[in-house]
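What follows is the residue order along each chain.
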Amino acid sequence: MSAQQNLVPNSSFEDTITCPYHNYTINYSCHNWYTSLNYGSADHFCSCSNKDSIIFGYPFSGVPRNFIGSQNAQHGNCYAGIATYVGGITFKEYLSVKLIEPLKTGAKYYISFNISLADSCIYAVKNLGMLFTSSVFNQGSFGVPSFLPQIKFTSPTFYVDKINWTLISDSNYVANGDENYLTIGSFEAVPDTISLSFPHSFVPGIGNSYKSAYYYIDDVKIIEKSPSLIIANVFTPNMDGINDIWICDFSGFENVNCLIYNRWGNVIFQSNKQIIQWDGRTTSGNECNDGIYFYCIETETEKYKGHIQLIR
Ligand SMILES: [Ca+2]
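A brief report on the enclosed structure follows. What you see is a predicted model; the values in this text were computed from it and never measured.

### Things to note about the overall build of the protein chain
The helix and strand inventory of the protein chain stands at one helix and 23 strands. Its C-alpha atoms give the protein chain principal-axis dimensions of about 75 × 40 × 35 Å. Relative to its full complement of 312 residues, the protein chain shows a buried share of 37%. For the protein chain, restricting intrachain contacts to residue pairs at least 6 apart in sequence, the fraction spanning at least 24 positions comes to 72%.

This is the structure:
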């Protein structure tokens, strides 16, 4: 299997040009990422941002505390943020990046990012989108662009969580092959919104920022799904040196959980290794009998289920 490379560079916003500063946009402080400068601009937040102007006693662009709320990074010390809606005016911000390589025509991709609604916001949206473009995305001078995102993420209950990070994902995107740049944001002219009462964690936002649906964003992933993973369905653990071990190579995946069940549905073996090796014994070391066993292997992007015939 080829390595499951994330095609999003600097995917957790940790690689900084300089610490984010309140007068700057993400373009000035974060490698790879950019935002259209002639309208709203995506922001960058990092825990290193201590030279910043102080708002309510905290750095404007800091982590966890910043001008619009308080949030620890989902990963590392930095994240990004965009306004998807601001009440009463036409205003949107977009977060863009050039992919490490273009997506492949016909290939299937797992796509995900994490969001958290900023604490001071009194609105939340339920639709977010991801737009792929062949050339640099430019919002132009319009608040609401006429771009149709290839992927729409819709929450049945609005994205209201201000405490935790919410994982947003799509595991079935089939590429056209002209996807060089990705842009995250709200692509509806007038998004569906819900009004929120201030929660206990309320922190004041500056200016009109609290009248917005402003989301922190962290850990953006685009990973090609493996179409041709072959998992053996028979092995012969009789110590004759031939096919004695059932091996599955999941190297490249970050998280692997393999469970093997007997025909009564009991887990008899478990592995979190990227190269799974089962020698036909239970986790406690007892030899398993001839017969059919069942595997379930879950990774961060995929789930495989099937059966294995054990022959001694
Ligand atoms: Ca991060």
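This is not the end of the story, as more comes after the structure.
### Examining unusual backbone geometry
Residue Pro64 follows Val63 across a cis peptide bond; omega there is 5 degrees. As for its placement among the helices and strands, Pro64 is situated in the loop between strand S4 (58-59) and strand S5 (65-66). Although it is not a glycine, Asp219 adopts a positive phi angle of roughly 55 degrees. The topology assignment puts Asp219 in strand S16 (residues 212-224). Even without being glycine, Met239 reaches a positive phi, approximately 60 degrees. By the element assignment, Met239 lies in the loop between strand S17 (234-235) and strand S18 (246-249).

### Examining the sheet that holds strand S9 (residues 108-117)
Spatial ordering of the open sheet is given by S2-S7-S16-S9-S13, a layout of five strands whose pairing is antiparallel. A strand with exactly one partner marks an edge of an open sheet, and here the two such strands are strand S2 (43-46) and strand S13 (166-174). Between one strand axis and the next, the sheet turns through 35 degrees on average, direction left out of account. Looking at chain direction, S9 and S13 are connected through seven bridges and run antiparallel. When the sheet's bridge partners are listed, Phe113 is paired in S13 with Ile168.

Thresholds, definitions, all that
Residues numbered from 1 in each chain as written. Predicted model: local features only at pLDDT ≥ 70, side-chain atom pairs only at ≥ 80, totals over all residues. Helix = DSSP H or I, 4+ residues; strand = E, 2+ residues; numbered from the N terminus. Buried ≥ 20, exposed ≤ 12 C-beta atoms within 10 Å, placed from the backbone. Contact = placed C-beta atoms within 7 Å. Pairing = 2+ DSSP bridges. Axes fitted to C-alpha atoms, helices over the stretch in contact; angles between N-to-C directions.

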